[in-house]
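Take a look at the letters that make up each chain.
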Amino acid sequence: METNEISAESVNILLAGIVGMLLLSVALVVFFIVYQRRIFEQQRIRLAEEQAHQKQLLTAAVEVQETERRRIARDLHDDIGSLLSATRLYLRQLKPDSSPEKSASIRAESLSILDEIIQNTRRITHDLLPPVLEKFGYQAAAEDLCERVGKSGGMKMIYSGGSNQRRLEDKQEIALYRVLQELVNNTLKHAKASEIEVVNSWQGDLFKFRYRDDGKGFDPLTVKSGGLGLKNIESRITLVGGSLDWKSAPGDGLEVNISLNNAN
Amino acid sequence: MIDFLDSKFWGFRFEALYEWTMILPVVAGLFAFSRHTSIQRKLFFYCVAAIIFEYFSQMRWAIDQFEPRSNAPYYHFFTPALFILFVFIYQKFLRDTFSRRVDIWLIALFVLFSIWNASFGDGLFHFPGLSLGLYAFLMMSLAIGYFLRLMTTLELERLEKEPVFWINSGVLIYFSGNFLLWLTMNYLLKDYSLSFSIYKISVILGFCLNIFFTIAFVCHPKVVLPIPVSKKTPHGNE
């Protein structure tokens, strides 16, 4: 009697509902598996990219060190070594039976070369670690560098350092100074720029550095990873816990922004 | 579809297939029990309890205890009991995702609802459709929630090696298939033979659940061994 109360239509709707929910749940499980795999695949790719980037930075760091060593060796060999050899040659001419005039001339020449050696040694040590950087910090050293480049002519230097005399950590100051040196050097060598702007500022505990030139710029896509110079810079900044971004385009100069978190 | 449900699977009734495969996860669970994770052990107790409940509720003696003869009262009791065991399986997920006492609250609310349903809802001598419907809904929510958590935390990589993945997939598929069926069971019972036929969907899903649970016992997640400390020996490092 009660059989008639359940219509075939309602049974069909129920069965359709059950099948629908089943399909939905199976689809959810499949979606989860596929989505999870895709995320892990992306993670793997990102990790590989990160590792490749770290490797590049390491290579750049080693390259920086080697370049620095080569430069010091060249400076010592060319400037100091040759002058010391010359002094030795002069001093070898000094003999007990030499005339007083000759002896006086050799002494004068030797002293002159020794003065030059002292000057060159001072220049080399100044290049390695400017006294102003050690004594007064990065901002003073950066200002000094900009002033010297500006005075040399051919390049307008705009420096803005603010009035905050707060200092960065020693290693950060040296790294930032080297970066500035490298950037200025690159601009002078390759950029054909007429103006360089350097801005240093503090934002709370964050030190901001901005470098901009109006040179010919370059296409970041054609210069692999921004070239070795920028890779060196990135390597230096990464080593002292900072972050860097840069932009450039043909005819649009170069802009580099660096942030350093100061723990002092 | 009804004809298919009334047919036999390789000569077996679907019910028999389900009842016999209930033993599979228990046997698989017993094997290498000491190597099981905490979730696998909790699942083992659930499977043992499910077998006991299932066979007990089918016993003639048990059915004869009530007048009118029925095994529905047992289902009113077993449903919250099995739900509690499932909550224990998902306990860590619940506590990590929500709060420390959410599992207690969930159990308390479900037990109260089951008591209400047995007393004033479906009634003690009727199929506990509402309780089972809520049970299915909560289990589906837990399974989906767990999947979402796995998706956001990415704590598991090789899913096919993780018991929790098989448990969760089995739970989601089993309860989503049963949800509407259980809710409408009291309505379907107006036509006993039809309801008996349709209920075989639940039996087939139960068979699938048993297979998923068996796989969950067979696979073991990768164990990360501590790095051995090298010892100096007269012949070098060990």
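Residues numbered from 1 in each chain as written. Chains lettered and ligands numbered in written order. Predicted model: local features only at pLDDT ≥ 70, side-chain atom pairs only at ≥ 80, totals over all residues. Heavy atoms only, no water.

If you check an unreviewed UniProt entry, chain A appears there as histidine kinase from Neolewinella agarilytica. Quoted straight from UniProt, the Catalytic activity (unreviewed entry) entry for chain A says "ATP + protein L-histidine = ADP + protein N-phospho-L-histidine." (UniProt positions renumbered as here; feature names shortened; annotations may be inferred.)

Residue and element names in this part refer to chain A. If you walk across this open sheet you meet the five strands as β1-β2-β3-β5-β4, and the pairing is mixed. Single-partner strands in this sheet number two, and they are β1 (156-160) and β4 (243-248). Averaged over all neighbouring strand pairs, the angle between strand axes comes to 10°, with direction disregarded. Sheet analysis places β4 next to strand β5 (residues 254-261), joined by six bridges and oriented antiparallel. For Asp245, the partnering residue across the bridge sits in β5 and is Asn257. Along the sheet, helix α4 (residues 138-151) contacts β1, β2 (195-203) and β3 (206-213); its crossing angle with β1, the most-contacted strand, is approximately 165°. (Pairing = 2+ DSSP bridges. Helix = DSSP H or I, 4+ residues; strand = E, 2+ residues; numbered from the N terminus. Axes fitted to C-alpha atoms, helices over the stretch in contact; angles between N-to-C directions. Contact = heavy atoms within 4.5 Å.)

The next thing to look at is the pattern of salt bridges. All names here are of chain A. As enumerated under the stated definition, the model contains 21 salt bridges over all chains in all. A salt bridge links Glu195 to Lys156; the nearest nitrogen and oxygen atoms lie 3.9 Å apart. Taken together, the residues span a long stretch of sequence, with Glu195 in strand β2 and Lys156 in strand β1 at a distance of 39 residues. Between Asp205 and Arg166 there is a salt bridge, with the nearest N and O atoms lying 2.8 Å from each other. Linking Asp205 in the loop between β2 and β3 with Arg166 in the loop between β1 and α5 (170-191), this pair joins segments that are 39 residues apart in sequence. On the accessibility criterion, Asp205 (46% relative accessible area) is partly exposed. Look at Arg166 and you get partly exposed, because its relative accessible area is 28%. Connected through salt bridges with shared partners, the residues Lys156, Glu195, Glu197, Arg210, Arg212 and Glu255 form a single ionic network. (Salt bridge = Lys/Arg side-chain N within 4 Å of Asp/Glu carboxyl O. Buried < 20%, exposed > 50% of the residue type's maximum accessible area, 1.4 Å probe, protein only.)

If you look at the biggest cluster of nonpolar residues, it comprises 76 residues, and the most contacted ones within it are Tyr46(B), Phe86(B), Tyr90(B), Tyr135(B) and Phe175(B). Looking at this core element by element, the count peaks at 14 residues for helix α10 (residues 163-188) of chain B. Beyond its immediate sequence surroundings of up to four residues, Phe175(B) is in contact with Phe86(B), Tyr135(B), Ala136(B), Met139(B), Met140(B) and Trp182(B). Counting residues in each nonpolar core, the second largest holds 35 residues, with Leu145(A), Tyr177(A), Ala191(A) and Ile196(A) among its members. (Core = buried A, V, L, I, M, F, W, Y, C linked by side-chain atoms within 4.5 Å.)

An ideal rise of 1.5 Å per residue puts 32 Å on 22 residues; α5(A) measures up with 30 Å between its terminal C-alpha atoms. Among the residues making up α5(A), those that are buried are Gln172(A), Glu173(A), Ala175(A), Leu176(A), Tyr177(A), Arg178(A), Val179(A), Leu180(A), Leu183(A), Val184(A), Thr187(A) and Ala191(A). (Expected span 1.5 Å × (residues − 1).)

Residues Leu28(A), Phe31(A), Tyr35(A), Ile144(B) and Leu148(B) make up a contiguous nonpolar surface patch of about 430 Å² in total accessible area. Listing elements by their share of the nonpolar patch, those giving two or more residues are α1 (8-92) of chain A together with α9 (129-153) of chain B. Mapped onto the elements, Leu28(A) comes out in helix α1. Note on Leu28(A): relative accessible area 32%, which makes it partly exposed. (Patch = residues over 30% accessible without salt bridge, like charges linked within 9 Å, V, L, I, M, F, W, Y side chains within 5 Å. Areas by Shrake-Rupley, 256 points an atom, 1.4 Å probe, with all protein chains shown as cover.)

Scored by pLDDT, chain A has a mean of 86; 94% of the residues are at 70 or more. The element-level mean pLDDT for chain A is lowest in helix α6 (residues 227-239) of chain A, coming to 80, with β3(A) highest at 93. (pLDDT = per-residue confidence, 0-100.)

This part is about the UniProt feature "transmembrane region" (unreviewed entry) in chain A. The UniProt feature table records "transmembrane region" (unreviewed entry) at residues 12-35 of chain A. For residues 12-35 of chain A, the end-to-end C-alpha separation is 34 Å, with 100% helix and 0% strand making up the annotated structure.

Moving on, we get to a positive patch on the surface. On the surface, a cluster of positive charge is contributed by Arg88(A), Arg92(A), Lys95(A) and Lys102(A). Mapping Lys95(A) onto the fold places it in the loop between α1 and α2 (100-128). (Lys, Arg positive; Asp, Glu negative; His and termini not counted. Charge placed at Lys NZ, Arg CZ, Asp CG, Glu CD.)

The subject of this paragraph is the interface of chain B and chain A. Each side of the interface is counted separately: chain B has 30 residues, and chain A has 28 residues. It is Met151(B), Leu154(B) and Lys190(B) in chain B that bury the most area against chain A; as a group they hold 23% of the surface buried on that side. In this assembly, chain B and chain A are joined by one salt bridge. Across the pair Glu160(B) and Arg37(A) runs a salt bridge whose closest N-O atoms are separated by 3.2 Å. Our count for the contact surface shared by chain B and chain A stands at two residue pairs in polar contact (both at pLDDT 80 or more). (Buried area = accessible area lost by both parts, 1.4 Å probe. Polar contact = N/O pair within 3.5 Å; in protein donor to acceptor, adjacent residues only side chain to side chain.)

A separate point is unusual backbone geometry. Phi is positive for Lys192(A), close to 55°, though the residue is something other than glycine. One can find Lys192(A) in the loop between α5 and β2.

Attention now goes to the UniProt feature "transmembrane region" (unreviewed entry) in chain B. Residue and element names in this part refer to chain B. Per the UniProt annotation, the sites labelled "transmembrane region" (unreviewed entry) are residues 16-34, 43-61, 73-90, 102-120, 132-152, 164-185 and 197-219. As a span, residues 132-152 carries 100% helix and 0% strand, and end to end its C-alpha atoms are 30 Å apart. Along residues 164-185 the backbone is 100% helical and 0% strand, and the end-to-end C-alpha distance reaches 30 Å.

Before going further, it helps to examine the packing of aromatic side chains. Each aromatic ring pair is described using two quantities: the centre-to-centre distance and the angle formed by the ring planes. Residue and element names in this part refer to chain B. One pass over the full model with this rule turns up 38 aromatic pairs over all chains. Look at Tyr46 and Phe86: their rings are 4.3 Å apart centre to centre, the planes differ by 45°, and that puts the pair in the tilted class. In this pair, Tyr46 sits in helix α4 (residues 38-58) while Phe86 sits in helix α6 (residues 72-89), placing the two residues 40 residues apart along the sequence. On the basis of relative accessibility, which here comes to 6%, the residue Tyr46 falls in the buried class. On the basis of an interplanar angle of 5° and a centroid distance of 6.3 Å, the ring pair of Tyr135 and Trp182 is categorised as stacked. With Tyr135 in helix α9 and Trp182 in helix α10, this pair connects stretches of sequence that are 47 residues apart. (Phe/Tyr/Trp six-rings, centres within 6.5 Å; stacked < 30°, edge-to-face > 60°.)

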